[in-house]
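So you can see what is in the structure, the chains are spelled out below.
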Amino acid sequence: MVEQSELNRLFWHSRRGMLELDVLLVPFVKEVYPSLDVENQARYRKLLECEDQDMFGWFMQRGEPEDADLRHIVRMILDRVQPK
């Protein structure tokens, strides 16, 4: 179970000030993060340490993270918003 204080902290770290990132990250942290396993929660926290410009490129599919953990969480977030 994720503590509310951790969720609040992650919510504020997910607000990046770039609309394209906010519309992906904020709903993900609110709706999906609490149900993730420990490994994927760690991947999400690792993603939040990345630069906004890097994340923007990954989410706009102009590139992929070199790190396998980051690739996994980026794909998970994209799969949630893209039609199959």
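Each remark here, short or long, concerns the structure printed above.
Residues numbered from 1 in each chain as written. Predicted model: local features only at pLDDT ≥ 70, side-chain atom pairs only at ≥ 80, totals over all residues. Heavy atoms only, no water.

Take the pattern of salt bridges next. It is possible for side chains of opposite charge to pair when their charged atoms get near one another. Across all of its chains, the model carries seven salt bridges by this definition. Taking the shortest distance from any N to any O, the salt bridge between Lys 46 and Asp 67 comes out at 2.8 Å. One end of the pair, Lys 46, is in helix H3 (residues 38-48); the other, Asp 67, is in the loop between helix H4 (52-59) and helix H5 (68-81), with 21 residues separating them in the sequence. A relative accessible area of 30% means that Lys 46 is categorised as partly exposed. On the basis of relative accessible area, Asp 67 is assigned to the partly exposed category, the value being 28%. The residue Lys 46 makes a salt bridge to Asp 69 at a minimum N-O spacing of 3.7 Å. Of this pair, Lys 46 sits in helix H3 while Asp 69 sits in helix H5, and the two are 23 residues apart along the sequence. Several salt bridges converge on common partners, so that one network encompasses Arg 43, Lys 46, Asp 67 and Asp 69. (Salt bridge = Lys/Arg side-chain N within 4 Å of Asp/Glu carboxyl O. Helix = DSSP H or I, 4+ residues; strand = E, 2+ residues; numbered from the N terminus. Buried < 20%, exposed > 50% of the residue type's maximum accessible area, 1.4 Å probe, protein only.)

Judged by nonpolar contacts, the single largest core of 27 residues is most densely connected at Leu 25, Tyr 33, Tyr 44, Leu 47, Met 55, Phe 59 and Ile 77. Secondary structure elements with two or more residues in this core: helix H1 (4-14), helix H2 (19-31), H3, H4 and H5. Of all the elements, H2 adds the most residues to this core, at six residues. Ignoring sequence-local partners within four residues, the contact set of Leu 25 consists of Ser 14, Arg 16, Tyr 44, Leu 47, Leu 48, Met 55, Phe 59 and Ile 77. (Core = buried A, V, L, I, M, F, W, Y, C linked by side-chain atoms within 4.5 Å. Contact = heavy atoms within 4.5 Å.)

As a further point, take the packing of aromatic side chains. Enumeration according to the criterion identifies three aromatic pairs in this entry. Members of the aromatic cluster, each reached through a chain of ring pairs, are Phe 28, Tyr 33 and Tyr 44. (Phe/Tyr/Trp six-rings, centres within 6.5 Å; stacked < 30°, edge-to-face > 60°.)

What H1 keeps buried is the set Leu 7, Leu 10, Phe 11 and Ser 14. All buried residues of H1 lie within an arc of 105° about the axis, which places them on one face of the element. On its buried side, H1 packs onto H2 and H3. (Arc of directions from axis to C-beta.)

Among the residues of H3, Asn 40, Gln 41, Arg 43, Tyr 44, Leu 47 and Leu 48 are the ones counted as buried. Each buried residue of H3 lies within a common arc of 155° when the element is viewed along its axis, so the set occupies one face. What points out from H3, more than 90 degrees from its buried face, is the exposed set Val 38 and Glu 39. Where H3 is buried, its residues meet H1, H2, H4 and H5.

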